Amino acid sequence: MATKLDKVDVVVVGVGWAGGIISAEMAKAGKNVVALERGEHRERSDYIGQKDELKYDSRYEIMQPLSSDTVTSRNEIGETALPIRTREQMQLGFDVGGASVHWAGATYRYWPYDFEMRSKTIERYGEDKIPEDMNLQDWGITYEEMEPYYDKWEKMAGISGEQDPLAPKRKNEWPNPPLKETPPLKLFKDATSNLGLHPFQVAAGNMSQNYTNPDGQTLNACMYCSFCTRHGCDFSAKSDPIATVVPTALEHDNFELRTRAYVRRVLYDSGNKQATGVMYVDEETGEEFEQPADVVVLSAFAFTNNRLLMLSGIGEQYDPETRQGIIGRNFNGQYNSSFHGARGFFKNKRFNLYMGAGALGAAVNDYAADNFDHSDLDFIGGGAIELRQYGDAAIKSNYIVPSDTPRWGKGFKENSLFYAYRGLHIWYTATAMSYWHNYLDLDPNYTDEYGDPLLRATYKFGENERNIGKFGVEKCREIMEEMGADIVEEDALPEEFDHVYAGGHYTGGVVMGDDPETSAVNNYLQMWDVDNLFVVGGSAFPQFGSHHPTPTIGALAYRAAEGIEKYMNEGGQLAKAKAKSQKA
Amino acid sequence: MVDKDKNKGHTEEPENASRRDFLKKSGYAAGGVAGGLVLGGLFGQFDTAEEGANSDQVEQLQNARTFFKRREDFETLAYASERIYPEDENGPGAIKLGVPYFIDKQLAGYYGYNAKTYMKGPFQPQKSGEYGLQTKLNRGEVFLHGLRKMQEVSQKDFGSKFAELEGEQQDEILRKFEANEIKLKGVQSSIFFELLRQTTIEGVYSDPVYGGNKDMQGWKMIEYPGPRMGWASEIDAEEFLSKEPMSLKEYQGGNL
């Protein structure tokens with residue numbers, strides 16, 4: 001029997017960027033908040049002195065262990081999905097801070113086009129431009145409406161950047177100046193300028209100087225130490241929830257953070273269409289608890305937000321056969337159709353590539369969103385072309401070699417030693433679309449340690465993914481040639497999604513919009529069906545934008561926080577549905 | 001017995017080797033315990049040079065099989081890893097770098113026992129590769145299956161133990177595993193080969209605390225400087241900066 005706890009105003013499930021922001025904002029607003037985090041408590045000292053490539057980059061130390069649960073995966077409806085068993089194939093954030101502790105820090109706002117992809121595509125190219133199998137839809141919010149939330153998130157996170165010459169003019173400067181320009185970045189910028197493109201320095205969650213955010217949290221200047229992506233920061237110089245929103249929330253007595261609390265159900269009163277709280281297990285004792293709350297916020301990773309709704313029987317499960325239902329619909333993400341491009345090897349030049357920072361990079365947005373004419377192209381959408389100097393330690397350097405390098409033995413050793421720190425990679429952050437055949441549901445065969453079904457992902461590329469991938473690779477090759485590499489190689493594009501869930505950019509399934517027939521939440525991320533349930537995070541993306549997802553997740557979390565407060569004051573639905581009837 | 005002639009050239013020094021490195025390697029070369037180069041090298045004479053004798057002795061004492069029970073399995077592993085990352089004019093190979101012990105230590109811990117891997121059935125091991133690892137076997141078991149099969153193939157094809165074959169013959173067997181031409185129970189031979197290859201490279205280049213990359217010689221070969229406080233003042237330098245590496249132990253401030 002579960003022990004029933006005292007009711008609180010808000011219960012927050014999952015403490016990454018989204019849950020951290022909601023926690024901090026609700027705590028500041030004086031609400032009684034309990035945040036439940038499945039992983040352990042983390043603080044800065046957990047990451048000090050941890051510069052260990054094997055532990056973090058090869059063994060994925062701070063990713064979710066998959067021993068209890070994972071996601072099953074398949075390409076085709078009707079196929080038996082198999083569990084993704086190892087962290088080489090499935091990298092999910094874990095512990096307080098979630099995936100934002102190991103993120104690289106690349107910060108791009110989505111474009112006005114990205115939020116209204118359907119309307120703007122039809123406007124410019126006509127409806128025929130949209131393939132029949134694509135569930136292309138607007139977000140129910142515009143860039144103009146998103147702007148203040150982006151601004152708020154960027155200031156809280158202390159982003160270091162400069163104005164992208166092609167992007168909408170910023171109302172406020174980036175809170176910090178850009179990171180330093182290194183020789184590889186300069187090479188990229190010169191080459192893209194020569195080609196008539198518009199390079200700029202990637203905006204970064206890595207601090208270019210010491211910074212105090214509006215909540216009074218301080219971040220330190222980045223040391224360019226290279227142990228950044230897949231690592232927690234040694235110096236509190238990478239913006240993450242542990243350095244910002246979590247300590248802000250913890251300053252308030254009305255906020256409580258409970259770790260090792262694995263939420264298994266949202267408690268739901270189907271008669272009144274109200275969430276009444278959550279049920280969780282204390283993973284250290286096995287004890288079950290009920291935490292009643294006026295407002296329930298799911299702010300876990302997209303997979304978990306989806307799975308919790310499905311396990312709790314909230315909202316109608318999407319069924320690809322009938323194409324009815326909402327939860328699990330429009331599962332999408334920047335899968336391995338994205339981040340391909342070209343590699344260049346320089347025989348007479350070695351770069352200090354063992355130095356770096358997660359978002360130290362240069363980019364062009366000439367091929368992002370609808371910044372280029374798609375009339376004669378066989379795809380819609382776009383992405384940035386970027387070069388990043390993450391900082392490569394010794395193991396990784398062995399894998400950045402020309403493709404004719406033997407895979408082992410004397411030839412491998414010779415080439416891998418010679419080409420270490422001579423190889424640069426540029427790629428296209430191509431968008432990924434949603435299709436009727438890609439979705440999430442519960443797996444019929446595999447269960448977690450409590451016997452609950454795992455989440456099942458059904459995903460295959462559409463033509464858009466293949467065509468945009470090819471386009472990006474060609475553009476990257478042209479740039480790499482202009483950069484003067486002695487050997488230029490195009491990345492091989494995968495024929496089909498290969499069940500490697502690397503990089504963490506999986507979204508959708510509980511998507512936002514202005515029509516309850518095609519969206520689960522309104523533009524405050526409040527469920528259409530359940531007024532006091534907010535589902536916050538990448539799960540809200542109807543399809544992917546042109547760039548990395550984090551800043552948009554952060555901005556949406558601020559929007560949701562505003563909505564939750566509004567709901568607590570006024571009650572009811574915060575947004576008006578566009579469609580005639582609301583979904584029962 | 002091992003044909004020591006094929007290891008000729010293994011005592012050549014990388015150009016920048018210090019006197020201490022040289023003495024240690026002489027220790028390897030002088031080893032002669034039964035079992036050939038591996039056992040002779042790794043269990044042979046301790047370095048008695050006045051400088052560093054103590055720490056070298058400690059290091060030697062920290063190297064013993066903890067996962068592999070049969071010496072024969074470990075010997076096969078050592079020679080196979082040496083073919084993946086051989087000694088050459090650039091510097092030492094897998095054996096002198098301690099890679100076999102690195103792999104042994106990895107397999108003795110959570111990684112070898114797949115403690116952070118989803119291990120519930122039903123299993124479809126034949127779908128490994130296409131869907132990542134799908135074996136019921138954990139990584140340690142995959143290694144044991146693979147190494148014992150290598151020995152079996154070696155006896156069948158060449159009438160001799162894997163450790164005693166010529167390098168080219170060893171490569172021939174390894175290529176069969178890589179191409180998934182060998183049948184193993186419960187796992188594809190190519191999956192075993194990729195694990196062997198991956199862990200060998202990791203053993204060469206991960207921090208010495210894990211048992212490989214002896215004396216940071218892997219890092220020296222590739223000119224990787226190890227973990228540092230940061231590079232804020234060097235990050236925009238035009239020229240490649242080659243520095244003597246620093247270990248994690250030093251970075252963390254040494255022992256308690």
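Predicted model only: the values in this text are computed from it and were never measured.

A. Spatial organisation of the confidence of the model for chain A. For chain A, mean pLDDT is 96; residues scoring 70 or higher make up 99% of the total. Predicted confidence for residues 580–584 of chain A stays below pLDDT 50, and this span has 12 contacts to residues more than four positions away or in other chains.

B. Region of interest: the interface of chain A and chain B. Residue-level contacts link 72 residues of chain A with 69 residues of chain B. Taking both sides of the interface into account, the surface hidden between chain A and chain B amounts to around 5,800 Å²; carbon and sulfur atoms contribute 55%. Here chain A and chain B share eight salt bridges between them. A salt bridge links B:Glu223 to A:Arg350; its shortest N-O distance comes to 2.5 Å. Counting across the interface, chain A meets chain B through 39 residue pairs in polar contact (both at pLDDT 80 or more). Sorting the residues of the side of chain A that touches chain B by element identifies helix H2 (53–58), strand S4 (71–74), strand S5 (82–83), helix H10 (394–397), helix H11 (410–419) and strand S20 (439–447) of chain A as the ones contributing at least two each. Broken down by element, the side of chain A that touches chain B gets its largest block of residues, six residues, from H11(A).

C. Molecular detail of the sheet that holds S20(A). All names here are of chain A. Taken together, four strands build an open sheet; the order of strands is S5-S4-S21-S20 and the sheet is mixed. The open sheet has two edge strands with one neighbour each: S5 and S20. The pairing of S4 with strand S21 (residues 453–458) spans four bridges and is parallel. Directly across from Thr72, in S21, lies its bridge partner Arg456.

D. Geometry of unusual backbone geometry. With an omega of 0°, the peptide bond running from B:Gly121 to B:Pro122 counts as cis. Tracing the backbone shows B:Pro122 in the loop between helix H5 (99–108) and helix H6 (139–158). Positive phi is not limited to glycine here, since A:Ala369 has a value of about 45°. With respect to the secondary-structure elements, A:Ala369 resides in the loop between strand S17 (361–364) and strand S18 (385–388). Given a relative accessible area of 1%, A:Ala369 falls into the buried group. The backbone phi angle of B:Asn213 is positive, close to 50°, even though this residue is not glycine. Following the sequence through the fold, B:Asn213 ends up in the loop between helix H8 (189–205) and helix H9 (217–222). Overall, B:Asn213 belongs to the buried group, its relative accessible area being 0%.

E. Examining the environment of A:Pro292 more closely. All names here are of chain A. Along the chain, the position of Pro292 falls in strand S14 (residues 288–298). Given the relative accessible area of 11%, Pro292 is considered buried. Separated by 286 residues in sequence, Pro292 and Asp6 place their C-alpha atoms 6.8 Å apart. For Pro292, the contacting residues outside a window of four places in its chain are Lys4, Leu5, Asp6, Lys7, Val8, Thr276 and Gly277.

F. Spatial organisation of the sheet that holds strand S22 (residues 487–490) of chain A. All names here are of chain A. Here six strands make up an open sheet; going across it, the order is S7-S17-S18-S19-S16-S22 and the pairing antiparallel. Since the sheet does not close on itself, it has two edges, and those belong to strand S7 (199–201) and S22, each with one partner. Taken over all neighbouring pairs, the strand axes of this sheet differ in orientation by 20° on average, direction set aside. In this structure, strand S16 (residues 340–345) lies alongside strand S19 (residues 423–428), joined through six bridges in antiparallel fashion. Across the sheet, the residue bridging to Phe345 is Gly423, located in S19.

G. Here's a closer look at the pattern of salt bridges. One pass over the structure, following the stated rule, counts 57 salt bridges over all chains. The shortest N-O distance in the salt bridge between B:Glu194 and A:Arg407 comes to 2.8 Å. On the criterion of chain membership, the pair formed by B:Glu194 in helix H8 and A:Arg407 in the loop between H10 and H11 is interchain, its members lying in two chains.

H. Region of the structure containing the UniProt feature "domain: Glucose-methanol-choline oxidoreductase C-terminal" (unreviewed entry) in chain A. Using the residue numbers shown here, the UniProt feature "domain: Glucose-methanol-choline oxidoreductase C-terminal" (unreviewed entry) corresponds to residues 438–557 of chain A. Secondary structure over residues 438–557 of chain A splits into 23% helix and 22% strand, and the C-alpha atoms at its two ends are 25 Å apart.

I. Here's a closer look at the side chain of A:Asp370. Residue and element names in this part refer to chain A. If you trace the backbone, Asp370 turns up in the loop between S17 and S18. Here Tyr125 takes part through its side chain, which lies 2.7 Å from a polar atom of the side chain of Asp370. Beyond its immediate chain neighbours, meaning those up to four positions away, Asp370 contacts Tyr113, Arg124 and Tyr125.

Parameters at a glance
Within any chain, residue numbers begin from 1 and follow the written order of that chain's sequence. Following the order in which they are written, the chains are lettered starting with A and the ligands numbered starting with 1. Residue-level local features of this predicted model are given only where pLDDT is at least 70; pairs of side-chain atoms are given and counted only at 80 or more, and the full residue set underlies all totals for whole chains, interfaces and linings. Side-chain figures throughout are based on the complete set of non-hydrogen atoms in the structure, without hydrogens or water. Per-residue confidence from the prediction method is given by pLDDT, with values spanning 0 to 100. In what follows, residue pairs with any heavy atoms lying within 4.5 Å of each other are defined as contacts. Two parts placed together each lose some accessible area under a 1.4 Å probe, and adding up what both lose gives the buried area. Any carboxyl oxygen of Asp or Glu that lies within 4 Å of a side-chain nitrogen of Lys or Arg is treated as forming a salt bridge with it. Under the rule applied, a polar contact is a pair of N or O atoms within 3.5 Å (in protein, one hydrogen donor and one hydrogen acceptor; residues adjacent in sequence only if both atoms are side-chain atoms). By definition, any uninterrupted DSSP run of H or I lasting at least four residues is a helix, any uninterrupted run of E lasting at least two residues is a strand, and each is numbered from the N terminus. In short, DSSP must find at least two bridges between two strands for them to pair. The classification of residues rests on relative accessible area computed with a 1.4 Å probe and restricted to protein chains. Under 20% of the type maximum is buried, over 50% is exposed, and intermediate values are partly exposed. Orientation is described by axes fitted as lines to C-alpha atoms, over the contacting stretch for helices, and by angles from 0 to 180 degrees between their N-to-C directions. UniProt positions are given in the numbering used here, feature names are shortened, and annotations may be inferred rather than shown by experiment.

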